[in-house]
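Read off the chains here:
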Amino acid sequence: MACVLIPVVAAGAVAVVLVLRLWIVCRSQDVTPRESLSLLVVAGSGGHTTEILRLLGSLSSAYSPRHYVIADTDKMSADKINSFELDRADRDPSTMFLQIYSAPVNKAVREHSAVMDSRYYIHRIPRSREVQQSWLSTVLTTLHSMWLSFPLIHQVKPDLVLCNGPGTCVPICIAALLLGILGIKKVIIVYVESICRVETLSLSGKILIHLSDYFIVQWPTLKEKYPRSVYLGRIV
Amino acid sequence: MKRVFVTVGSTSFDELITRVSAEESLHIFRSLGYSQLTLQIGRGAVVPEPFSADSFTLDVYRYKDSLREDLERADLVISHAGAGSCLETLEKGKPLVVVINEKLMNNHQLELAKQLHKEGHLFYCTCSTLPGLLQSMDLSTLKCYPPGQPEKFSAFLDKVVGLQK
């Protein structure tokens with residue numbers, strides 16, 4: 001009887017600790033002053049990538065280096081990202097050099113330098129869910145994506161994760177949360193709901209509104225429905 | 001020369017392509033004074049035959065790196081309800097008719113089209129109601145679309161992540 005009870009109690013205790021850690025990580029919004037921060041951007045397909053690149057275009061060069069995560073089946077997003085970064089490097093006189101990588105990130109190159117530069121990296125992970133994929137297989141593919149997301153997040157250890165709704169972002173954000181729960185690093189998670197979402201949240205939005213540090217919506221109806229969200233007007 | 005540009009972005013929308021290249025629609029375009037119709041058909045299976053006759057031209061293609069030129073030359077844009085297509089067109093100040101694809105389940109694109117229509121920036125319809133709309137709509141009632149403000153996002157983010165000014 002005791003041999004069954006002890007592991008069950010131990011598992012229960014671990015679960016309680018994890019939930020408490022999750023609660024602490026989600027609620028902590030300390031602002032540490034800093035001069036730069038590394039950014040991990042989840043780029044979904046089509047319009048998602050267009051929207052997120054518009055947001056990135058407004059950010060200063062302090063957001064560097066930039067790590068982009070795209071689905072392995074997404075060809076167009078890599079092109080859009082490369083054009084965006086090349087255009088940015090042309091316009092920014094402080095550009096030191098440009099690097100393009102696919103996963104895994106080379107440890108030597110990842111070392112931070114005191115000078116801000118325009119390094120960016122593109123990583124690919126399997127898509128969590130294809131459009132109109134069945135729910136059961138979605139659970140399996142999402143678990144598979146999470147299995148691969150954690151090593152990526154652990155290697156990159158970004159200061160900030162930015163995403164805007166494609167299924168690919170859920171495993172990434174959960175992996176980022178896990179870094180916090182395990183006491184490795186607190187990663188700020190910022191989610192911007194797509195401009196298409198006027199009255200209802202996307203599925204990713206419904207999941208991540210409770211797990212992100214800042215959840216930004218672009219229409220007042222959503223702000224009314226979800227008081228926890230941040231409304232800045234139309235930002236794309 | 002007045003031009004109509006039809007775009008479906010990276011999707012396929014065979015019903016729309018079939019509808020706009022049908023004789024009925026071509027007749028409507030001609031009667032409204034348009035002499036060029038360009039179809040960007042994306043992944044679609046329906047590929048109308050291009051032609052040039054009776055001072056009317058029909059062009060067809062799947063993709064271009066950028067639709068900027070075609071949008072700039074158009075006097076009327078007919079588009080699927082994708083956000084990218086809609087916003088790019090509205091930002092160029094072009095009259096826009098959005099056609100809803102009724103085959104898409106849980107059509108989240110519809111929310112944006114409805115909202116922008118409510119604000120007076122575009123007209124929207126389905127494939128079957130498109131001919132009627134083309135003949136009855138008044139493009140001069142459309143209002144200018146103010147662009148989004150990503151600088152509000154960067155100001156907010158700089159503040160909450162602690163970046164020094």
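Labelled according to an unreviewed UniProt entry, chain B appears under the name UDP-N-acetylglucosamine transferase subunit ALG13, originating from Chinchilla lanigera. One UniProt comment on chain B, placed under Sequence similarities (unreviewed entry), says "Belongs to the glycosyltransferase 28 family." Here chain B is described in UniProt, under the heading Subcellular location (unreviewed entry), as follows: "Endoplasmic reticulum".

Trainee: Can you help me understand the sheet that holds strand β7 (residues 230–231) of chain A in this one?
Mentor: Hydrogen bonds between backbone groups are what pair the strands of a sheet, and the pairing can be parallel or antiparallel. All names here are of chain A. Sheet architecture is open: seven strands sit in the order β3-β2-β1-β4-β5-β6-β7, paired in parallel fashion. Of all the strands in the sheet, the pair left with one neighbour each is β3 (120–125) and β7. In this structure, strand β4 (residues 160–163) lies alongside strand β5 (residues 188–192), joined through four bridges in parallel fashion. Within the sheet, the bridge partner assigned to L162 lies in β5 and is V190. Its contacts with the sheet place helix α2 (residues 47–57) against β1 (37–43), β2 (63–71), β4 and β5, and it is angled at close to 160° to β1.

Trainee: Looking at this model, I keep getting lost on the pattern of salt bridges. Mind explaining?
Mentor: Should their charged atoms come close, side chains of opposite charge can pair. All names here are of chain A. As enumerated under the stated definition, the model contains nine salt bridges over all chains in all. The closest approach of N and O atoms between E85 and R66, which form a salt bridge, is 2.8 Å. With a gap of 19 residues between them, E85 in helix α3 (residues 76–91) and R66 in strand β2 connect regions that are remote in the sequence. Here E85 matches R66 in class, with each residue buried. Here the salt bridges do not stand alone but share partners, grouping R34, D159 and K185 into one network.

Trainee: Honestly, the interface of chain A and chain B in this entry has me stumped. Any pointers?
Mentor: When the parts come together, some accessible area is lost, and that loss is often what is quoted as the size of the interface. Residue-level contacts link 34 residues of chain A with 30 residues of chain B. When the two sides are added together, the surface that chain A and chain B hide from each other amounts to roughly 2900 Å², 64% of it contributed by carbon and sulfur. Run the count over chain A and chain B and you get one salt bridge. In this structure, E91(B) and R54(A) form a salt bridge, with 2.7 Å as the shortest nitrogen-oxygen distance. Applying the counting criterion to the chain A and chain B interface returns 12 residue pairs in polar contact (both at pLDDT 80 or more). Taken together, the elements giving at least two residues each to the side of chain A that touches chain B come down to α2, β4, β5 and β6 (214–217) of chain A. Counting residues per element, the side of chain A that touches chain B draws most heavily on β5(A), which supplies three residues. Residue composition of the side of chain A that touches chain B, by class: 23 nonpolar, five polar and six charged.

Trainee: Quick question: what am I supposed to make of the side chain of S77(A) here?
Mentor: Residues and elements named next belong to chain A. Position of S77 relative to the elements: it lies in helix α3. Relative accessible area serves as the criterion here: at 1%, S77 is assigned to the buried category. Engagement of the side chain of S77 in a polar contact is seen with the backbone oxygen of G44, the distance being 3.1 Å. Once residues lying within four places of it in the same chain are set aside, the contact partners of S77 are G44, S45, T49 and I70.

Trainee: What's the story with the nonpolar core in this structure? I'm lost.
Mentor: Buried together is how nonpolar side chains tend to be arranged in soluble globular proteins. The biggest cluster of nonpolar side chains holds 58 residues, and the ones touching the most others in it are V190(A) and F153(B). Here the element with the most residues in this core is helix α7 (residues 150–161) of chain B; it accounts for five residues. Sequence-distant contacts of F153(B), defined by excluding residues within four places in its chain, comprise L55(A), S58(A), L59(A), L162(A), V190(A), V192(A), I216(A), L232(A) and I235(A). Counting 29 residues, the second-largest nonpolar core is a separate cluster that includes V25(A), V42(A), V187(A) and L201(A).

Trainee: Please explain helix α1 (residues 14–21) of chain B as it appears in this structure.
Mentor: Note on helix geometry: an α-helix contains 3.6 residues per turn, so any two residues three or four positions apart are oriented the same way. All names here are of chain B. Burial in α1 covers these residues: L16, I17, V20 and S21. Each buried residue of α1 lies within a common arc of 115° when the element is viewed along its axis, so the set occupies one face. The inward-facing, buried residues of α1 abut β1 (2–7), α2 (23–31), β2 (34–40), β5 (76–79), β6 (96–100) and α6 (130–136).

Trainee: Sorry, what's going on with the environment of L56(A) here?
Mentor: Residue and element names in this part refer to chain A. Considering the arrangement of structural elements, one finds L56 in helix α2. Between the alpha carbons of L56 and Y191 there is a distance of 13 Å; along the sequence they are 135 residues apart. Beyond its immediate chain neighbours, meaning those up to four positions away, L56 contacts L39, V41, Y68, F84, R88 and L162.

Trainee: Explain the pairing of β1(A) here, please?
Mentor: On a regular strand, one side chain projects to one face of the sheet and the next to the other, so that they alternate. Residues and elements named next belong to chain A. Counted residue by residue, β1 has seven buried out of seven residues, so it is predominantly covered. Side chains L37, L39, V41 and A43 of β1 all project onto a buried face; the interleaved residues S38, L40 and V42 project onto the opposite face, where all are buried too. Judged from the six bridges that link them, β1 and β2 form a sheet pairing that is parallel. Its bridge partner lying in β2, V41 is registered against Y68. Crossover handedness for the path β1 to α2 to β2: right-handed. By the bridge criterion, three bridges tie β1 to β4 in an arrangement that is parallel. Note on β4: the bridge partner recorded for V41 is L162.

What counts and what doesn't
- Residues numbered from 1 in each chain as written.
- Chains lettered and ligands numbered in written order.
- Predicted model: local features only at pLDDT ≥ 70, side-chain atom pairs only at ≥ 80, totals over all residues.
- Heavy atoms only, no water.
- UniProt positions renumbered as here; feature names shortened; annotations may be inferred.
- Pairing = 2+ DSSP bridges.
- Helix = DSSP H or I, 4+ residues; strand = E, 2+ residues; numbered from the N terminus.
- Contact = heavy atoms within 4.5 Å.
- Axes fitted to C-alpha atoms, helices over the stretch in contact; angles between N-to-C directions.
- Salt bridge = Lys/Arg side-chain N within 4 Å of Asp/Glu carboxyl O.
- Buried < 20%, exposed > 50% of the residue type's maximum accessible area, 1.4 Å probe, protein only.
- Buried area = accessible area lost by both parts, 1.4 Å probe.
- Polar contact = N/O pair within 3.5 Å; in protein donor to acceptor, adjacent residues only side chain to side chain.
- Nonpolar A, V, L, I, M, F, W, Y, C, P; charged D, E, K, R; others polar.
- Core = buried A, V, L, I, M, F, W, Y, C linked by side-chain atoms within 4.5 Å.
- Arc of directions from axis to C-beta.
- Right-handed = clockwise from strand over helix to strand, strands pointing away.

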